[in-house]
Amino acid sequence: MLPHKIILASNSPRRKELLAGLDVDFEVRIIKGIDENYPITLPTTEIAEYIAQKKAAAYRETMAADELIITADTIVVLNDEVLGKPKDAADAHRMLHALSGKTHQVVTGVVLTTKGQQEHFSVVSNVTFKELTDDEINYYVETYKPMDKAGAYGIQEWIGYVGVTRLEGSYFNVMGLPVQRIYEALKRFNV
């Protein structure tokens, strides 16, 4: 489909699974220690894309002429507060209690980069949780260990099955990679 070798710059099992669903060949490449800080004045809707662009800049220095690198970052935003990955189980409990009974945004920023071209965008989905009980939150945190997930949850896991009452936007975006938008962007690179 493409004249480029596709590189997914993420070790996320969910992102690997989602990109594989597009039936494109790709490999995973990881650069550790990329600075993911952002200016505190940056609007929350721009943070994920800003971080994805920082990741892309780090990969661009070492990429080959025939490579297309996909970088992404996903954040959860509740009342203009960014909920990143929880530090520990107590932090996961705090985040899930905060999300309980409310609607929040999941924002994924994506950057596709070749030596001569770059495209970047963000996708926003609105997710509403029912009122979660303490037992439900405890069960999820203890059983699923959501420390590697923004907002302390995976929609594709048990908490999404029992807790999500409404979703506006891309389900796959909430999982961490808006594959429909990526597919459309990949087609534009085939020139």
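Please read all numbers here as calculations on a predicted model, not as lab measurements.

Asks: Describe the overall build of the protein chain, naming the residues involved and giving the relevant values.
Replies: Each helix and strand in the protein chain was counted, giving seven helices and seven strands. Taking 191 residues into account, the globule formula puts the C-alpha radius of gyration at 16 Å, and the protein chain, at 17 Å, falls close to it. Counting across all 191 residues of the protein chain, residues that qualify as buried make up 49%. Within the protein chain, one finds 21 positive and 26 negative side-chain charges whose respective centroids are separated by 3 Å.

Asks: A description of the packing of aromatic side chains should follow, citing residues and the corresponding values.
Replies: Overall, the coordinates contain five aromatic pairs when judged by the stated rule. Seen in terms of ring centroids, Phe129 and Tyr153 are 5.0 Å apart; in terms of plane orientation they differ by 85°. Their pairing is edge-to-face. Here Tyr153 lies in the loop between α4 (134–144) and α5 (158–163) and Phe129 lies in strand β6 (residues 118–129), a separation of 24 residues in the sequence. As far as the burial class goes, Phe129 and Tyr153 line up, both buried. An aromatic cluster is defined as three or more aromatic residues linked by ring pairs; in this entry it consists of Tyr139, Tyr140, Tyr144 and Trp158. Seen from the ring of Phe121, Arg181 lies directly overhead, with NZ or CZ sitting 4.3 Å from the centre.

Asks: A description of the pattern of salt bridges should follow, citing residues and the corresponding values.
Replies: Scanning the model with the defined rule gives 16 salt bridges in all. Here Asp148 and Arg14 are joined by a salt bridge, their closest N and O atoms 3.5 Å apart. In this pair, Asp148 sits in the loop between α4 and α5 while Arg14 sits in helix α1 (residues 13–20), placing the two residues 134 residues apart along the sequence. A salt bridge links Lys187 to Glu184; its shortest N-O distance comes to 3.5 Å. Of the two residues, Lys187 and Glu184 are both situated in helix α7 (residues 179–189); the distance of three residues between them amounts to about one turn of the helix. Given the relative accessible area of 39%, Lys187 is considered partly exposed. Glu184 sits in the partly exposed class, given a relative accessible area of 28%. A cluster of three or more residues bridged by salt bridges with shared partners is formed by Lys5, Glu27, Arg29 and Glu67.

Asks: Before we move on, can you summarise the packing of helix α3 (residues 89–99) against α4 with the specific residues and values?
Replies: Running from N to C, α3 and α4 point in directions that differ by 140°, and their axes come no closer than 10 Å. Here α4 runs oblique to α3, going by the angle between their axes. Along this stretch, α3 crosses α4, giving a crossing that reads as right-handed. For the pair formed by α3 and α4, the contact residues are Ala89, Ala92, His93, Leu96 and His97 on the first element and Asp134, Ile137, Asn138, Tyr140 and Val141 on the second. Of the residues contributing to the contact of α3 with α4, the split by class is six nonpolar, three polar and one charged.

Asks: I'd like to hear about the nonpolar core, residue by residue, with values.
Replies: Taken as a class, soluble globular proteins show a tendency for nonpolar side chains to be buried jointly. If you look at the biggest cluster of nonpolar residues, it comprises 40 residues, and the most contacted ones within it are Leu19, Ile70, Leu96, Leu99, Leu112, Tyr153 and Ile182. If we ignore the near neighbours within four places in the chain, the residues touching Leu112 are Leu68, Ile69, Ile70, Gln117, Gln118, Glu119, Phe121, Ile182, Ala185, Leu186 and Phe189.

Calculation rules
All residue numbers refer to positions counted from 1 along the written sequence of the respective chain. Where local features are concerned, this predicted model is filtered to residues with pLDDT of at least 70; where side-chain atom pairs are given and counted, the filter is 80 or more; whole-chain, interface and lining totals use all residues. Excluding hydrogens and water, the side-chain values take into account all heavy atoms of the structure. Starting at the N terminus, helices and strands are each numbered in turn, a helix being any DSSP run of H or I of at least four residues and a strand any DSSP run of E of at least two. Radius of gyration: C-alpha atoms only; globule rule: 2.2 Å multiplied by the number of residues to the exponent 0.38. Think of it in three bands: with a 1.4 Å probe and only protein chains considered, a residue is buried below 20% of the maximum accessible area for its type, exposed above 50%, and partly exposed in between. Just so you know, the count uses Lys and Arg for positive and Asp and Glu for negative, and it drops His and the chain ends. To locate a charge, take atom NZ for lysine, CZ for arginine, CG for aspartate or CD for glutamate. Centres within 6.5 Å make a pair out of two Phe, Tyr or Trp rings, where for Trp the six-membered ring is used; the pair is then stacked when the planes are under 30 degrees apart, edge-to-face when over 60, and tilted otherwise. Charge-over-ring placement is defined geometrically: NZ (Lys) or CZ (Arg) within 6 Å of the ring centre, and within 35 degrees of the ring normal. Any Lys or Arg side-chain nitrogen found within 4 Å of a carboxyl oxygen on Asp or Glu counts as a salt bridge. Only the contacting stretch of a helix is used when fitting its axis, a line to C-alpha atoms as for every element, and angles between N-to-C directions run 0 to 180 degrees. Each angle is binned into one of four classes, with values under 35 degrees roughly parallel, values over 145 roughly antiparallel, values of 65 to 115 roughly perpendicular, and all other values oblique. Should the near helix be turned counterclockwise from the far one by less than a right angle, the crossing is left-handed, whereas a clockwise turn marks it as right-handed. In this description, contact between two residues means that some pair of their heavy atoms is separated by no more than 4.5 Å. Throughout, the ten residues Ala, Val, Leu, Ile, Met, Phe, Trp, Tyr, Cys and Pro are labelled nonpolar, Asp, Glu, Lys and Arg are labelled charged, and all others, Gly among them, are labelled polar. Take the buried residues of types Ala, Val, Leu, Ile, Met, Phe, Trp, Tyr and Cys, join any two whose side-chain atoms come within 4.5 Å, and each joined set is a nonpolar core.

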